[in-house]
Amino acid sequence: DLHYPLRRQRQMCIRDRDVDSALRFLSSIVYHQGVFEQSYALLLQKREYFNDPLVYNSLVLAKQQRLRILREKFKLKVSDSRTLFGILDETGVLKENEIFVKITSNRQDIVVKGEVIITRSPTLHPGDVRKVTAVDKPNLHNYPNCIVFSQKGVRPLTDQISGGDLDGDRYWVCWDTQFVQNITPIDPPHHAPYNISKNSKFKDIKDVILSDSNTFFSRQTLNAIKAPMFYDCAAVGVLSNLYCYWSDIRGPRSSQCEELHKLINKALDAPKTGQTIVIPKKLQTLQRPIYLKKSFKAEESMLYINIPDSIRCKIYNRLTEELE
């Protein structure tokens, strides 16, 4: 059910004249301030205040704000999931394709057990989503609210997830059965090592950072402005938008998405490698999915289209109808 995440998100929104839903909705707003905080306090004090114009209008405003953020940012809340930092199992008790996750929820410690899916942002290749087993290991109970990865295996699990590592990367782990059961993992992509033409010395780094820093960093920006086909680290946003278009039109396993996936990885490392990213003409298009149209900064040169088979376009249109 592709609409499952949206349905879960909509359950957080208020229903007409439902005080319990209103309380749950207001309590889910992290930024309790101003009129939302006042309305929440009034409802807790006396349920009859629901009919008060101030309270009801603030609920309607909060709902519209939540739906607008959902439409613009497309952040769907999944209750049985967490975004956590990854660390290494130094004790060696975890086997290959095993992880340990202990979270704190409502002041209670919960150890996740069973089959889970794990990935990290950006997830551009279907193989970046891995299905592993979460196990309970008493030796690791001192590591709450993080993901403990096994040190065993031919290839680290973190490297299989979008080429991640354990130097501060955050990973998304989900144990919601509706997600886990519908994921069929495929082999992760292999990232070829970069060929460096010469050995870098401290003097090379010093020359770039100190003596030539203005020229180096201004070139990154000028390439993105003067030559639309050539980008450096500034290409990530353009490539990501192209990826959204081609994945909706041809699917994430298409040759276009495969090529864009490699280009995005190069663009992310461009500040370190100094590579210039060339976007092939066959991948360039002025068309964009309609959900990329931001109300506050829509680009006039782009043609925003509605793609019938795109689940994100369907959700965008549904939310737009509710906001009208």
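Residues numbered from 1 in each chain as written. Predicted model: local features only at pLDDT ≥ 70, side-chain atom pairs only at ≥ 80, totals over all residues. Heavy atoms only, no water.

(A) Spotlight on unusual backbone geometry. Here the bond from S121 into P122 is cis, since omega is 0°, no more than 30 degrees from zero. At N145, a residue that is not glycine, the phi angle is positive and equals roughly 55°. Summarising the element assignment, N145 is placed in the loop between β5 (130-134) and β6 (147-149). Under the relative-accessibility criterion, N145 is labelled partly exposed at 37%. (Helix = DSSP H or I, 4+ residues; strand = E, 2+ residues; numbered from the N terminus. Buried < 20%, exposed > 50% of the residue type's maximum accessible area, 1.4 Å probe, protein only.)

(B) Broad picture of the packing of helix α9 (residues 235-249) against helix α10 (residues 255-268). Their axes nearest at 10 Å, the elements α9 and α10 cross at an angle of 165°. In terms of axis orientation, α9 runs roughly antiparallel to α10. Relative to α10, α9 is oriented so that their crossing is left-handed. Contacts from A235, V236, L239, S240, L242, Y243, W246 and S247 in α9 reach Q256, C257, L260, L263, I264, A267 and L268 in α10. Classifying every residue of the contact of α9 with α10 gives 12 nonpolar, 3 polar and no charged. (Axes fitted to C-alpha atoms, helices over the stretch in contact; angles between N-to-C directions. Parallel < 35°, antiparallel > 145°, perpendicular 65-115°, else oblique. Left-handed = near helix turned anticlockwise from the far one by under 90°. Contact = heavy atoms within 4.5 Å. Nonpolar A, V, L, I, M, F, W, Y, C, P; charged D, E, K, R; others polar.)

(C) View of the packing of aromatic side chains. Under the counting rule described, the total for this entry stands at 3 aromatic pairs. A centroid spacing of 5.1 Å and a plane angle of 80° characterise the contact between Y245 and W246, whose relative ring orientation is edge-to-face. Residue classification places W246 among the buried residues on the basis of a relative accessible area of 10%. Geometry around F74 places R312 over its ring, the cationic atom sitting 4.3 Å from the centre. (Phe/Tyr/Trp six-rings, centres within 6.5 Å; stacked < 30°, edge-to-face > 60°. Lys NZ or Arg CZ within 6 Å of the ring centre and 35° of its normal.)

(D) Spatial organisation of the state of the cysteines. Under the definition given, this model contains 0 disulfides. Of all cysteine sulfurs, the one in C244 lies closest to C313, which takes part in no disulfide; the gap is 9.9 Å. Residue classification places C313 among the buried residues on the basis of a relative accessible area of 0%. (Disulfide = S-S within 2.5 Å.)

(E) View of α10. Under the 1.5 Å per step criterion, the end-to-end length of α10 is 20 Å for 14 residues, consistent within 8% with the ideal 20 Å. Within α10, the full set of buried residues consists of Q256, C257, L260, H261, L263, I264, N265 and A267. Its buried side turned inward, α10 meets α9, α11 (270-273) and β9 (277-278). (Expected span 1.5 Å × (residues − 1).)

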